[in-house]
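An overview of the molecular structure
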6 protein chains.
Amino acid sequence: MELALNRPSKRAPEEMRPVTLERGVSKHAEGSCLVKFGDTHVLCTASLEERVPPWLRGQNQGWVTAEYGMLPRATHDRMRREASAGKQSGRTQEIQRLIGRSLRAVVDLKALGERQISVDCDVIQADGGTRTASITGAWVALHDCLQWMKARDMVKDNVLVDHIAAISCGIYEGTPVADLDYLEDSAAETDANFVMTGQGGIVEIQGTAEGKPFSEDEFGQLMGLAKNSIAKLVELQKLSIL
Amino acid sequence: MELALNRPSKRAPEEMRPVTLERGVSKHAEGSCLVKFGDTHVLCTASLEERVPPWLRGQNQGWVTAEYGMLPRATHDRMRREASAGKQSGRTQEIQRLIGRSLRAVVDLKALGERQISVDCDVIQADGGTRTASITGAWVALHDCLQWMKARDMVKDNVLVDHIAAISCGIYEGTPVADLDYLEDSAAETDANFVMTGQGGIVEIQGTAEGKPFSEDEFGQLMGLAKNSIAKLVELQKLSIL
Amino acid sequence: MELALNRPSKRAPEEMRPVTLERGVSKHAEGSCLVKFGDTHVLCTASLEERVPPWLRGQNQGWVTAEYGMLPRATHDRMRREASAGKQSGRTQEIQRLIGRSLRAVVDLKALGERQISVDCDVIQADGGTRTASITGAWVALHDCLQWMKARDMVKDNVLVDHIAAISCGIYEGTPVADLDYLEDSAAETDANFVMTGQGGIVEIQGTAEGKPFSEDEFGQLMGLAKNSIAKLVELQKLSIL
Amino acid sequence: MELALNRPSKRAPEEMRPVTLERGVSKHAEGSCLVKFGDTHVLCTASLEERVPPWLRGQNQGWVTAEYGMLPRATHDRMRREASAGKQSGRTQEIQRLIGRSLRAVVDLKALGERQISVDCDVIQADGGTRTASITGAWVALHDCLQWMKARDMVKDNVLVDHIAAISCGIYEGTPVADLDYLEDSAAETDANFVMTGQGGIVEIQGTAEGKPFSEDEFGQLMGLAKNSIAKLVELQKLSIL
Amino acid sequence: MELALNRPSKRAPEEMRPVTLERGVSKHAEGSCLVKFGDTHVLCTASLEERVPPWLRGQNQGWVTAEYGMLPRATHDRMRREASAGKQSGRTQEIQRLIGRSLRAVVDLKALGERQISVDCDVIQADGGTRTASITGAWVALHDCLQWMKARDMVKDNVLVDHIAAISCGIYEGTPVADLDYLEDSAAETDANFVMTGQGGIVEIQGTAEGKPFSEDEFGQLMGLAKNSIAKLVELQKLSIL
Amino acid sequence: MELALNRPSKRAPEEMRPVTLERGVSKHAEGSCLVKFGDTHVLCTASLEERVPPWLRGQNQGWVTAEYGMLPRATHDRMRREASAGKQSGRTQEIQRLIGRSLRAVVDLKALGERQISVDCDVIQADGGTRTASITGAWVALHDCLQWMKARDMVKDNVLVDHIAAISCGIYEGTPVADLDYLEDSAAETDANFVMTGQGGIVEIQGTAEGKPFSEDEFGQLMGLAKNSIAKLVELQKLSIL
């Protein structure tokens, strides 16, 4: 596996960055988690709101939604603040839609009741993989929010039906590798994000050829890396909520 | 394959809707194509602009970008006009970013020179699969724009390096099927869009579980359907530009 | 009438471009019409909505409103998409207010009941006279929407009380001419839009001196051309709905 | 002319409201005029700017533009402040485009040189006819701005080539009347704005049937009233700048 | 007091500009006041609205709010119109929040009942101190609005519990001076705005060092000037409403 | 001082919350500081940009500006994300203007050279006093950014001419107290923010009566508390940069 030595991070192809999941980091939120994938740090908070979107009213079910943001200097060069620019970029909207869909895939919205949980994922520091770190940490925040509700007899145990976690993989200098950091992501020929459940079901796949197209076989290798990585992330989630 | 009789469209699982590609439909645009996938109709125009985005200036290369829109009554119920709402939805931005990336995957931006080609994909009538129809038709508009430029000695033959086309596949009542129309898309458990080149290379994959997660095996079947469908679309593109 | 030879279109002063009104062009809309004044093509759709604007609620009457848009490459040079710019131009708003007022002039809003019909006029291709073509085609779409409603016993025959159609006239190189195309419009000294009913009543007049002011007499000649042209357009509307 | 007794204002059909033009009301502006048509009061200021719009650069000519606004409580009921709403209404944009076009019709833009004059028309109090009062007062502000420039040898006498003034006329209870106030305007069957030069040339006509359509003959009568009224307004302009 | 000779306005340090308060200047508003502090002229109108902000509904109390605006050529150089720019500047929002808070400090919101009074302060001409003139004039407009309501038995005498007025003071060339005009404000080392009641209570203080920091002692001198100035303004308010 | 026992925080009137200043918390920023005033946590980053605002170009001086934001769930109830709302609130703009002015008061902009330092203050968790914590932490981030520049010979030691820090004081149940937390701030009759330099000079004062007006004497007591608190904060800044 000598090719792996070429990764800027010096990691082996299948090696993830150190991942930590720190719960209870917010004084106010019903659930919260500071997730770190190496130098990528995302603060996830889950907020319970006693309302649902207008189009869901009276349907005896709840909703889980997500918003995503980045502090202006989370990145190498300062980016313009979206609140100052007056709108969220296409990228931001794409990511927060992805996070929301991913979380809803493991929530029984009927069992939630007519309420909304809003999960905010704010990138404090970025080094690649912010969307996959967000999903992984958001699950923990969501879990703790539901525990908070259960302690108040608002819901039962059956709202969260599985784990959900995500990883980015890519083809870097011809080799499929897991958990791209920023430098690797910039140089990768192909970049693919995978979102999977604790039982290994696939919820989202987003694969993009940055340079030349990739083959079905290469894609299969990326999926193999993803499955292993996500299984590890789910283990970490389980440990974190013990 | 009796299960296929359940498709609202009565099509066999692997059967696409009738696809037509009509060139030269715009008096003004350098290239244009009205693409129809059944009742989904998209007008694609390619516009040559003698400028590049600010961040590309002076780098001896061009750019291809795309914008996507929908007429307010392209859909079953009238949607609010985005120009009136004052902003493009997250969905719109996600789609136009996808179209732009897909086209750039088969363009040699150096060979294009310091110019931009803007491809507008406007949905005149929608019945599912608007983004995949857009990509398929946009390639024809782009091709004709480059022919227009070649006729004026602005570029050589080497700008467009391959075909690009796209198809949506999904799992409908447990069966993998190709080219979902709106009714099928609404009811599908899984929806996946594939963008591939004429040579069969994969450029984009977007797979989403709408209901329960899907397995790697199911995903493989969807990819198989996609490869066949896109091969047919590429044939149609070739015929259309004869 | 040798002067007429100077029109770029080679038309006689009183000669209109070929006009066609194609009904039923939208699968979804309750009424639709693709109107062509020569190379100016506008897709008009009429959408029934079971609501009225807030300020009309509970007043036992309906409303007819219009929105106008242009595809970015409907014009000779690509224009910025208004949805992307984040707002509608003053010109767009002016035109859609005009279309709405014109249609309401021939609708009995009481007879419509508490409902709104929204007419969208989207310019697919522009070559001058888009607002007058829009009004002329919008009437057909509105008519068909009302027929659709009548077939469902929602309204009676008395909602649409007359025809409405519109034409632009102008003074081109000193000669009053009818139905300006883009080249003529750009060069005309005076440009005037007329909106009239089937019975010849005037609903809107907008006359503008682009260069030197015009006289009352010249204006009278323009009005004469307009009356004749609009009478022909009304005949075409009648034929189209046979 | 007994019918005239029915005008809420008790004015005769051809009778205008008292009109005053007060110059030099702004400490800062190069030209200014507070125009009053009865209870309609508009503050017009002309501001010289040593720049032209981007599309005019390097063409050896200047530009005259106008902006229009209304104080929130200029009207009977308080209206939302446009700056707070975040955009100008279609009506506002329509009016300021009209004012700008009207002023440019009497300005030799070449003689102005590469500069812009921005005329702001802000309605302090509204009682109908704000756009026509604005045009009439804006001419005075523009005149004084040009005098200010002439005193500094920036321009010669030939920039302003004629007067421009405007009046609204309408059909009120069947009778054509001049200079509608708010109550009359609300009740008029037809409302028409006329913009004419000092020599009687027509620059803009905007006629709208609010209720039933109007005839060519009725329109002729409105134009007759307008010509007389505007001639009087031009006399007042001449007196005001003595 | 020779140092005072250095003020551009030639005023003594404690000398205010001539202040006038003209009531009843708006035909439509329930209360209005044109306030002049020298060349700073602000039109204040108070508008009664039979509604309260959503968060106050059903709480048996009313609300007083304020909006602030500047005509584009109120200033030495023309400023961009905020309605055209599409948003209110930070400065505008800061000022209108200050005016609203100041007025509410002397209003018994319970006694007002479930209604809102909106006070608009529009700067017709600016020469420094627009926010303090606004507050001083707004009180008069508010007072007259409440008198209008009392005349209709909508409120009693106890809604307005005190006067409120404001002044800016500053340190100009080392000397504390009152009521800065624009030139003085631009050159002052320190600028402080004071809002006080008729009984001398302090409601708002905003002090800013433009150049070098100021000392507690200097600040005390500014406050002394402010108390005297505001006492005079309150006397003027009392005279104006006799 | 028994009254102090009533403070929700149980602190003595002059007692501040525990304050910490943690430097170097951002991998990317040239200077950064996580400042905590009790449960109020603000991440401050200073970003060097090799450009100045347009109106400063060519004037041989730099600029320091600040932006302020709050994570949506930094507060007790989730607030709407400003990027999603499409604009910054008046409060946000007011605060970021205050931070910018405060920092510039201790920077020699000439010595900085033609560059801009943007300081972002993002509230991770809010419990009152976010603007004063922001200013106090921003100074540290700014200091470190200048050290970073000095290490690269971009500036000398003379850019930062003094410390700057800030504290909020208020009158709580009749007693002047320092460093209000959220509960105290909500209940305080008067709230005043003070910004002072290391040498004790006053840079900004913002005092507001929330309920009844305050007296000059009370204000004097608040200033006394502020001077002591800020002196302590400056000591902490000195220790933090050792």
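Given the structure is predicted, the values throughout are model-derived calculations rather than measurements. (Residues numbered from 1 in each chain as written. Chains lettered and ligands numbered in written order. Predicted model: local features only at pLDDT ≥ 70, side-chain atom pairs only at ≥ 80, totals over all residues. Heavy atoms only, no water.)

**Focus: the sheet that holds strand β8 (residues 190-197) of chain F**
Applied cut-off: Pairing between strands requires that DSSP locate at least two bridges from one strand to the other. Every helix listed is a DSSP run of H or I at least four residues long, and every strand listed is a run of E at least two residues long, numbered separately from the N terminus. Every axis corresponds to a line fitted to the C-alpha atoms, with the helix fit spanning only the stretch in contact, and the corresponding angles, defined between N-to-C directions, vary from 0 to 180 degrees.
Across the sheet, eight strands lie side by side as β7(E)-β6(E)-β8(E)-β9(E)-β9(F)-β8(F)-β6(F)-β7(F); this open sheet has antiparallel pairing. A single partner strand is all that each edge strand has here, and the edge strands are β7 (175-178) of chain E together with β7 (175-178) of chain F. Pairwise comparison of adjacent strand axes, ignoring direction, gives a mean angle of 15° for this sheet. As paired strands, β8 of chain F and strand β9 (residues 202-209) of chain F are joined by seven bridges and run antiparallel to one another. Looking across to β9 of chain F, one finds that N193 of chain F is bridged to Q206 of chain F.

**A few points about the pairing of strand β3 (residues 40-49) of chain D**
All names here are of chain D. Here is the rule: Classification of residues uses two cut-offs on accessible area relative to the type maximum, computed with a 1.4 Å probe and protein chains only: under 20% is buried, over 50% is exposed, and between them is partly exposed.
With 10 of 10 residues buried, β3 lies mostly within the body of the structure. Of the two faces of β3, the one holding T40, V42, C44, A46 and L48 and the one holding H41, L43, T45, S47 and E49 are both buried throughout. One ladder, built from seven bridges, connects strand β2 (residues 31-37) with β3; its direction is antiparallel. Across the sheet, residue K36 finds its bridge partner in β3, namely H41. Hairpin connection from β2 to β3: two residues lie between these consecutive antiparallel strands, with G38 at a positive phi of about 60°. Bridge analysis of β3 against strand β5 (residues 116-125) gives nine bridges, and the strand direction is antiparallel. From the neighbouring strand, E49 faces β5, where its bridge partner is Q116.

**Considerations on the environment of L103 of chain D**
Using the following cut-off: Contact criterion: two residues are considered in contact whenever any of their non-hydrogen atoms come within 4.5 Å of each other.
Secondary-structure assignment places L103 of chain D in helix α2 (residues 90-104). With near-sequence residues (within four places) excluded, L103 of chain D lies in contact with V64, V119, A138, W139, L142 and I164 of chain D.

**Brief notes about the side chain of T75 of chain B**
Rule in force here: Counting of polar contacts relies on pairs of N or O atoms within 3.5 Å, with two restrictions inside protein: one atom must be capable of donating a hydrogen and the other of accepting it, and residues adjacent in sequence are counted only when both atoms are side-chain atoms.
As for its position among the elements, T75 of chain B is in the loop between β4 (63-70) and α1 (82-85). Accessibility expressed as a relative area gives 14% for T75 of chain B, which makes it buried. Side-chain polar atoms of T75 of chain B contact the backbone oxygen of D77 of chain B, separated by 2.7 Å. Beyond its immediate sequence surroundings of up to four residues, T75 of chain B is in contact with M70 and A126 of chain B together with H28 of chain C.

**Topic: the interface of chain A and chain B**
We count it as follows: Once two parts are brought into contact, the accessible area they lose, counted with a 1.4 Å probe and summed over both, makes up the buried area. Salt bridges, as used here, are contacts in which a Lys or Arg side-chain nitrogen is within 4 Å of a carboxyl oxygen on Asp or Glu. Following the grouping adopted for this structure description, the nonpolar residues are Ala, Val, Leu, Ile, Met, Phe, Trp, Tyr, Cys and Pro, the charged ones are Asp, Glu, Lys and Arg, and the polar ones are all others, Gly among them.
Taken residue by residue, the interface counts 25 residues in chain A and 25 residues in chain B. Interface area for chain A against chain B, summed over the two sides, is near 2,200 Å², with a carbon-plus-sulfur share of 51%. Summed over the three residues of chain A that lose the most area to chain B, namely E94, I202 and E216 of chain A, the buried surface amounts to 24% of that side. At the surface where chain A touches chain B, the tally comes to four salt bridges. Between E94 of chain B and R97 of chain A there is a salt bridge, with the nearest N and O atoms lying 2.9 Å from each other. Joining chain A to chain B, the criterion identifies 14 residue pairs in polar contact (both at pLDDT 80 or more). For the side of chain A that touches chain B, the secondary structure elements donating two or more residues are α2 (90-104), β9 (202-209) and α6 (216-240) of chain A. Of all the elements, β9 of chain A adds the most residues to the side of chain A that touches chain B, at eight residues. A class-by-class count of the residues in the side of chain A that touches chain B yields eight nonpolar, 10 polar and seven charged. Alignment of β9 of chain A against strand β9 (residues 202-209) of chain B, held across five bridges, turns out to be antiparallel.

**Observations concerning the packing of helix α4 (residues 130-151) of chain D against helix α6 (residues 216-240) of chain D**
A pair of packed helices can be characterised by two numbers: the angle between their axes and the separation between those axes. Residue and element names in this part refer to chain D. Going by this rule: Oblique is the label for any angle not covered by the other classes, which are roughly parallel (under 35 degrees), roughly antiparallel (over 145) and roughly perpendicular (65 to 115). By convention, the crossing between two helices is left-handed when the near helix turns anticlockwise from the far helix through less than a right angle, and right-handed when the turn is clockwise.
Interhelical geometry of α4 versus α6 gives an angle of 30° and a closest axis separation of 11 Å. Judged by the inter-axis angle, α4 sits roughly parallel to α6. When the axes of α4 and α6 are compared, the crossing they make is right-handed. Together, T136, W139 and V140 of α4 and L233, Q237 and S240 of α6 make up the contact between the two elements. Looking at the contact of α4 with α6 residue by residue, the class counts come to three nonpolar, three polar and no charged.

**Description of the relation of the copies chain A and chain F**
So the rule is basically this: Each copy is superposed on the other by least squares, with the fit set by C-alpha atoms of residues at a pLDDT of at least 70 in both.
You can overlay chain A on chain F at an RMSD of 0.0 Å; the transform is a turn of 180° with a shift of 0.0 Å along its axis. With respect to symmetry, the two chain copies, as superposed, fit the operation of a two-fold axis. The rotation axis passes nearest to the C-alpha of A83 of chain A in chain A, at a distance of 1.8 Å. When the interface residues of chain A are mapped onto chain F, 100% of them again lie at the interface, so the same face is used by both copies.

**Some words on the relation of the copies chain A and chain B**
Placing chain A over chain B gives an RMSD of 0.0 Å and needs a rotation angle of 180°, together with 0.0 Å of translation along the axis. Counting the interface residues of chain A, we find that 100% of their copies in chain B are interface residues as well, pointing to one common contact surface.

**Topic: a nonpolar patch on the surface**
As a reminder of what qualifies: Residues enter a patch when their relative accessible area is above 30% and they make no salt bridge; the linking distance is 9 Å between like charges and 5 Å between nonpolar side chains (Val, Leu, Ile, Met, Phe, Trp, Tyr). Reported accessibility uses the Shrake-Rupley method at a 1.4 Å probe radius. Residues are deemed covered only where the shown protein chains occlude them.
Judged by side-chain polarity, L236, L239 and L242 of chain A come together as a nonpolar surface patch covering roughly 340 Å² of accessible area. Mapped onto the elements of the fold, L236 of chain A is located in helix α6.

**Focus on the packing of aromatic side chains**
As a reminder, the rule being used: Between rings of Phe, Tyr and Trp, where Trp is taken as its six-membered ring, a pair exists when centres lie within 6.5 Å; planes separated by under 30 degrees are stacked, by over 60 edge-to-face, and by other angles tilted. By definition here, charges over rings are those cases where NZ of Lys or CZ of Arg is within 6 Å of the ring centre and within 35 degrees of the ring normal.
Using the criterion set out here, one finds 21 aromatic pairs over all chains in the structure. Relative to F219 of chain E, the ring of F194 of chain E lies with its centre 5.7 Å away and its plane at 35°, an arrangement referred to as tilted. A residue pair is termed long-range when its members are at least 10 positions apart, and F194 of chain E in strand β8 (residues 190-197) and F219 of chain E in helix α6 (residues 216-240) qualify at 25 residues. Joined through ring pairs, the aromatic side chains of F194, F214 and F219 of chain A together with F194, F214 and F219 of chain B make up one cluster. Its end group placed over the ring of W148 of chain A, R152 of chain A keeps NZ or CZ at 3.8 Å from the ring centre.

**Points about the UniProt feature "binding site: phosphate" (unreviewed entry) in chain A**
All names here are of chain A. Put simply, the rule is: UniProt positions are given in the numbering used here, feature names are shortened, and annotations may be inferred rather than shown by experiment.
The positions UniProt marks with the feature "binding site: phosphate" (unreviewed entry) are R91, G129, T130 and R131. Their sequence span is 41 residues, while the largest C-alpha to C-alpha distance among them is just 13.3 Å; these annotated residues converge on one region. As for its position among the elements, T130 is in helix α4 (residues 130-151). Given the relative accessible area of 6%, T130 is considered buried. Once residues lying within four places of it in the same chain are set aside, the contact partners of T130 are T40, V42, Y68, M70, R91 and V123. Within the local environment of T130, its side chain forms a polar contact with the side chain of Y68, the two groups lying 2.6 Å apart. Using a relative accessible area of 18% as the deciding quantity, one classes R131 as buried. Discounting chain neighbours no more than four positions away, the residues touching R131 are E94, I95, L98, N193 and Q206.

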